[in-house]
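Observations on the three-dimensional arrangement
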Amino acid sequence: MSADPDCLFCKIVAGDVPADVVHTSERTVAFRDINPQAPLHVLVVPRHHEPNAAATASADPLDLAEIAITARAVAAAEGYDDYRLVFNTGAGAQQTVFHTHCHVIAGRDLTWPPG
Ligand code: 5GP
Ligand code: ZN
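Residues numbered from 1 in each chain as written. Chains lettered and ligands numbered in written order. Predicted model: local features only at pLDDT ≥ 70, side-chain atom pairs only at ≥ 80, totals over all residues. Heavy atoms only, no water.

1. Topic: the pattern of salt bridges
Defined as follows: What counts as a salt bridge is simple: a side-chain nitrogen of Lys or Arg found within 4 Å of a carboxyl oxygen of Asp or Glu. Secondary structure elements are taken from DSSP: a helix is a run of H or I of four residues or more, a strand is a run of E of two residues or more, and numbering for both begins at the N terminus. Partly exposed describes any residue whose relative accessible area lies between the buried limit of under 20% and the exposed limit of over 50%, with all areas from a 1.4 Å probe on protein chains only and scaled to the type maximum.
In the structure shown here, the tally under the stated rule is four salt bridges. With a shortest N-O distance of 2.8 Å, arginine 27 and aspartate 60 are connected by a salt bridge. Residue arginine 27 is found in the loop between strand E1 (21-24) and strand E2 (28-32), and its partner aspartate 60 is found in the loop between helix H2 (53-59) and helix H3 (61-77); the two are separated by 33 residues along the sequence. On the basis of relative accessible area, aspartate 60 is assigned to the partly exposed category, the value being 25%. A salt bridge links aspartate 63 to arginine 27, with the shortest nitrogen-to-oxygen separation between them at 2.8 Å. Taken together, the residues span a long stretch of sequence, with aspartate 63 in helix H3 and arginine 27 in the loop between E1 and E2 at a distance of 36 residues. Put simply, Asp20, Arg32 and Glu78 are held in one network by salt bridges that share partners.

2. Considering H3
Put simply, the rule is: Expected span of a helix: the number of residues minus one, times 1.5 Å. Working rule for contacts: check all heavy atoms of both residues, and any pair within 4.5 Å makes them a contact.
Between its first and last C-alpha, H3 extends 25 Å over 17 residues, near the 24 Å set by a 1.5 Å rise per residue. On its buried face, H3 sits against E1, E2, strand E3 (40-46), H2, strand E4 (84-86) and strand E5 (102-106). Two residues or fewer past H3, glycine 79 is found with a positive phi of approximately 90°.

3. Things to note about the site of ligand 1
Formally: Only a single heavy atom is needed: when it lies within 4 Å of a molecule or strand, its residue is near that molecule or strand. Distance and chemistry together define a polar contact, namely a pair of N or O atoms within 3.5 Å, with one atom able to donate a hydrogen and the other to accept it when in protein, and with adjacent residues in sequence counting only for side-chain atoms on both sides. Accessible areas in this description were obtained via Shrake-Rupley with a 1.4 Å probe; residue shielding takes into account the shown protein chains only.
If you check the shell around ligand 1, you find 15 residues, and the closest are Arg32, Asp33, Gln94, Thr96 and His103. Glutamine 94 is positioned with one of its backbone polar atoms (N or O) 2.6 Å from an oxygen atom of ligand 1. Within the contact set of ligand 1, an oxygen atom lies 2.6 Å away from a backbone nitrogen or oxygen of threonine 96. In the complex, the protein chains occlude 82% of the 520 Å² of accessible area that ligand 1 would expose alone. Looking at the shell around ligand 1, the elements that each hand over two or more residues are helix H1 (8-14) and E2.

4. Focus on the sheet that holds E1
Rules: Only strands joined by at least two bridges in the DSSP assignment are considered to pair. Axes here mean lines fitted to C-alpha atoms, for a helix over just the part in contact, with angles spanning 0 to 180 degrees between N-to-C directions.
What the five strands build is an open sheet, ordered E1-E2-E3-E5-E4; its pairing is antiparallel. Taken across any chain shown, the strands that pair with only one partner, and hence form the sheet edges, are E1 and E4. Going from strand to strand, the sheet's axes swing by 20° on average, the running direction of each strand aside. The pairing of E3 with E5 spans five bridges and is antiparallel. Paired with valine 42 across the two strands is valine 104, which belongs to E5. Each of E1, E2, E3, E4 and E5 touches H3; the most contacted strand, E3, lies at about 155° to it.

So, in structure tokens, the structure goes:
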């Protein structure tokens, strides 16, 4: 579906819910996470609603490609060459908003494995 009227991130994409938007492109919107886990913590979302990254890749692979390119641009704009991208998928992996989103995290030591 293109937009879900009950979806928080669709409302941010539409401008109906305010967000600190740092980057937009034809296919994506990037905004700061409301509960940042690092000095840089931005969410990159496709404008087109799908519930997770695999669904976005199936629906339109170019959306997923543009998410990755946008993420690099967001990190670079704030001076970070090194960053982490996370797509939580499913409640068991701590996904809480079921509109595809890529966490772009940088600016502190990023240990591995993640929690
Ligand atoms: P998830 O847990 O689904 O991978 O990530 C959802 C993210 O959305 C969380 O990091 C959470 O802090 C963020 N978030 C939830 N509600 C809002 C909101 O209204 N505005 C913004 N900017 N981020 C939000
Ligand atoms: Zn949505």
